[in-house]
Amino acid sequence: MEWTDIFSGPAFEPVKSRELHLGKDCDLSRPLVVRDTDKLTVEVAGGAALRLVVLHTKPCQAEIRIKLLEGADAELVQLFSAEAFVDFQVEQAAGSKFRMTACQFTSANVRYRFDLNGREASNELDVLFLALEQDHCVVDLRTNHLVPDCTSRSLIKGVASGTGRGEFCGLVYVAPDAQHTDAQQQCRNILLSRTSRIDARPQLEIYADDVRCSHGATVGQMEDEAILYMRQRGLKEEQARRLQIEGFAADVVGRCRIEAVKEILTDAVVRHLDTSSFRPVLRMEVYPPSKNRTGGRTERTKTVPNDQSFKNVPNDYLGMSCGEENRKSPVAGAAGLLEGNLVVRAR
């Protein structure tokens, strides 16, 4: 994906310097754009509001260091259209605010380190990776709460298809004196094929006793109930699945606060899915139980095409209707139907 023309328009300010020192008197009316840097150092003074877009359009290794002084504000967007290995570190003083949206449209390996060194500092990170075909996307995140009264929130969403692979490793560290910390970390992922894989490892390391911290991770397939609902209203299965993927990604893209970039990201997700083979390979397996001679249970398996709904499964396998009230979906996309002793799973 070519970003040069998109971000060279009058709405953006290209920057070639490897060091930026921004004060509150600097003209930051237009978002700054840094492209294919191998090293970048940014310092934002108190009262200044930075808006920065970092593009990785060529294979590279990069180090990015950002320092927010007391009362500074920063909004960043990081985009990957070429394989890159990036070490990204942020230091925050008291009262500073850091918000970042990152999108990986190809293989990438990013290591994020956020140090909250001053009271009432806040940090927000939203990441979307699309590990389609043979891509390998890695997000390694560590958020250090080193003083009291700081907040952090991170949302990582991933989609993998073909033989694509995604990895997320996230750690929230709360120091012994960092009381009243509020930290949230969530990772949500969708697999579109049997050969794709996403590993999610959220972690908490807490040494203070007056904190509010949470984390969680899910890896599943698309929500089968939503697909069936849309198909009943005239959409083809491929259209329904496509809309669900776009909606899943839009949750991250929509959090970007640079309006001009938000529109670009929305179009980029759509175009990237258009040029990739993302159609999921799903099959439904039905397991009607029976007893063997020893009194145990054996199971039969029947595979039906993935464009058939539950009510298309032959009656000799279902034995009863598939009412909505009986549907069980503990994980998004891992649809299960439990009726008596009959289990239907989408695989």
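A. Broad picture of the overall build of the protein chain. Per the secondary structure count, the protein chain includes four helices and 24 strands. For the protein chain, the share of sequence-separated contacts (at least 6 apart) that also reach a separation of at least 24 residues comes to 70%. About 16200 Å² of surface is accessible on the protein chain, with carbon and sulfur atoms providing 46% of the total.

B. Summary view of the packing of aromatic side chains. Scanning all chains against the criterion turns up five aromatic pairs. Seen from their ring centres, Y173 and Y207 are 5.8 Å apart, and the 55° between their planes marks the pair as tilted. Here the residue Y173 occupies a position in strand β14 (residues 165-174), and Y207 occupies one in the loop between β16 (197-206) and β17 (212-220), the gap between them amounting to 34 residues. A relative accessible area of 18% means that Y173 is categorised as buried. In textbook terms, an aromatic cluster arises when at least three aromatic residues are bridged by ring pairs, as seen for F88, F98, Y112 and F114. Looking at K157, its charged tip hangs above the ring of F248, at a distance of 4.3 Å from the centre.

C. Spotlight on the sheet that holds β16. The sheet built from eight strands is open, its strands ordered β2-β4-β6-β8-β10-β12-β14-β16 with parallel pairing. Edge positions in the open sheet fall to β2 (19-22) and β16, since each of these has one partner strand only. On average, each strand axis in the sheet is inclined to that of its neighbour by 5°, with strand direction left out of account. Where strand β4 (residues 39-44) and strand β6 (residues 60-68) come together, six bridges link them in parallel fashion. The partner of V44 across the bridge, within β6, is L68.

D. Examining unusual backbone geometry more closely. Here E133, not a glycine, exhibits a phi torsion of approximately 60°, which is positive. Mapping E133 onto the fold places it in the loop between β11 (122-131) and β12 (136-145). Backbone geometry places D149, a non-glycine residue, at a positive phi of 65°. Among the secondary structure elements, D149 is positioned in the loop between β12 and β13 (151-160).

E. A look at helix α3 (residues 259-274). Over its 16 residues, α3 extends 23 Å from the first C-alpha to the last, a length consistent with the 22 Å expected when each residue adds 1.5 Å. All of the buried residues along α3 are V261, I264, L265, A268, V269, H272 and L273. Down the axis of α3, the smallest arc covering the buried residues is 160°, so these residues share one side. Among the exposed residues of α3, those pointing more than 90 degrees away from its buried face are E263 and D274. Considering only its buried residues, α3 is in contact with β5 (49-56), β7 (73-80), β9 (97-104), β11 and α2 (237-253).

F. Structural detail: the sheet that holds strand β15 (residues 182-191). If you walk across this open sheet you meet the nine strands as β1-β3-β5-β7-β9-β11-β13-β15-β17, and the pairing is parallel. At either end of the open sheet lies a strand with only one pairing partner, and these are β1 (13-15) and β17. Across the sheet, the mean angle separating the axes of adjacent strands is 10° when strand polarity is ignored. Relative to β7, β5 is paired through eight bridges, and the arrangement is parallel. Within the sheet, the bridge partner assigned to V54 lies in β7 and is Q78.

G. Summary view of the pattern of salt bridges. Inspection of the entire model under this criterion finds 21 salt bridges. Close ionic contact of E75 with R99 constitutes a salt bridge, the shortest N to O distance being 2.8 Å. With E75 in strand β7 and R99 in strand β9, this pair connects stretches of sequence that are 24 residues apart. The same class applies to E75 and to R99, which are both buried. Taking the shortest distance from any N to any O, the salt bridge between R153 and D126 comes out at 2.9 Å.

Rules used throughout
- Residues numbered from 1 in each chain as written.
- Predicted model: local features only at pLDDT ≥ 70, side-chain atom pairs only at ≥ 80, totals over all residues.
- Heavy atoms only, no water.
- Helix = DSSP H or I, 4+ residues; strand = E, 2+ residues; numbered from the N terminus.
- Contact = heavy atoms within 4.5 Å.
- Areas by Shrake-Rupley, 256 points an atom, 1.4 Å probe, with all protein chains shown as cover.
- Phe/Tyr/Trp six-rings, centres within 6.5 Å; stacked < 30°, edge-to-face > 60°.
- Buried < 20%, exposed > 50% of the residue type's maximum accessible area, 1.4 Å probe, protein only.
- Lys NZ or Arg CZ within 6 Å of the ring centre and 35° of its normal.
- Pairing = 2+ DSSP bridges.
- Axes fitted to C-alpha atoms, helices over the stretch in contact; angles between N-to-C directions.
- Expected span 1.5 Å × (residues − 1).
- Arc of directions from axis to C-beta.
- Salt bridge = Lys/Arg side-chain N within 4 Å of Asp/Glu carboxyl O.

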